[in-house]
Amino acid sequence: MKTLQFLLLGKNEAILAILLRLVNADENWNAIAFNNEKEAQEHFQNNKIDIVLLSSAIEDHIEKEFTAFCLKTQPDVEVIEHFGGGSGLLKSEILHRLHLKGKL
């Protein structure tokens, strides 16, 4: 199985750190996290990303603009809003989305 590349974007540093740790705990997943959407966009433009995780405290208009940017730049990317729950929920959300899209 190929390693999936994740980009995490959120404004709550503590939650972002937890998400980063949880995603990187899977041997087939690799994540990088940002709390600044401009830096995240720059990274996204220069790297193939499979999944974008949007975390808490992002303003609605930023979330919409960033999602539109991601889908326009890399149409096959999966953008998932994740605002809480345990590690089991996070993994289930990701695997469910990949399954629905035939990527699993």
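Everything here concerns the structure above.
Bear in mind the structure is a predicted one, so any value in this text is a computation, not a measurement. (Residues numbered from 1 in each chain as written. Predicted model: local features only at pLDDT ≥ 70, side-chain atom pairs only at ≥ 80, totals over all residues. Heavy atoms only, no water.)

Draft legend 1. Quick look at unusual backbone geometry. One non-glycine residue with positive phi stands out, namely Ala57, at about 70°. Mapped onto the elements of the fold, Ala57 is located in the loop between β3 (51-54) and α3 (60-73). (Helix = DSSP H or I, 4+ residues; strand = E, 2+ residues; numbered from the N terminus.)

Draft legend 2. Quick peek at the pattern of salt bridges. Tallied over the full model, the rule gives four salt bridges. In this structure, Glu37 engages Lys11 in a salt bridge whose closest nitrogen and oxygen atoms are separated by 2.8 Å. Separated by 26 residues along the polypeptide, Glu37 in helix α2 (residues 37-46) and Lys11 in the loop between β1 (4-9) and α1 (13-24) bring together distant segments of the chain. Using a relative accessible area of 17% as the deciding quantity, one classes Glu37 as buried. The exposure class of Lys11 is partly exposed, given its relative accessible area of 36%. Here Glu78 ties to Arg97 by a salt bridge, and the two come within 3.2 Å at their closest N and O atoms. One end of the pair, Glu78, is in strand β4 (residues 78-81); the other, Arg97, is in helix α4 (residues 87-100), with 19 residues separating them in the sequence. (Salt bridge = Lys/Arg side-chain N within 4 Å of Asp/Glu carboxyl O. Buried < 20%, exposed > 50% of the residue type's maximum accessible area, 1.4 Å probe, protein only.)

Draft legend 3. Region of interest: the packing of aromatic side chains. Evaluation of the coordinates by the stated rule reveals three aromatic pairs. Ring geometry for Phe6 versus Trp29: centroids 5.1 Å apart, planes at 45°, classification tilted. Remark: Trp29 occurs in strand β2 (residues 29-34) and Phe6 occurs in strand β1; sequence separation between them is 23 residues. No difference in accessibility class separates Phe6 from Trp29, as the two residues are buried. Counting every residue linked through ring pairs, the aromatic cluster contains Phe44, Phe66 and Phe69. The ring of Trp29 has Lys91 sitting right over it, with the charged end atom 5.7 Å from the ring centre. (Phe/Tyr/Trp six-rings, centres within 6.5 Å; stacked < 30°, edge-to-face > 60°. Lys NZ or Arg CZ within 6 Å of the ring centre and 35° of its normal.)

Draft legend 4. View of the nonpolar core. Counting residues in each nonpolar core, the largest one holds 15 residues, and the members touching the most others are Leu7, Leu9, Phe44, Val52, Phe66 and Cys70. Elements supplying a minimum of two residues to this core: β1, α2, β3 and α3. With four residues, α3 is the single largest residue contributor to this core. Once you skip the residues sitting within four places of it in the chain, Val52 turns out to touch Leu7, Phe44, Phe66, Cys70, Val77, Glu78, Val79 and Ile80. Counting 14 residues, the second largest nonpolar core, distinct from the first, contains Leu16, Val23, Ile94 and Leu98. (Core = buried A, V, L, I, M, F, W, Y, C linked by side-chain atoms within 4.5 Å. Contact = heavy atoms within 4.5 Å.)

Draft legend 5. Structural detail: α1. Look at α1: 16 Å from first C-alpha to last across 12 residues, which is about the 16 Å you get at 1.5 Å a residue. Residues Leu16, Leu19 and Val23 constitute the buried set of α1. All buried residues of α1 lie within an arc of 60° about the axis, which places them on one face of the element. For α1, the capping residue at the N-terminal end is Asn12, with a side-chain oxygen 3.1 Å from the backbone nitrogen of Ala14. (Expected span 1.5 Å × (residues − 1). Arc of directions from axis to C-beta. Polar contact = N/O pair within 3.5 Å; in protein donor to acceptor, adjacent residues only side chain to side chain.)

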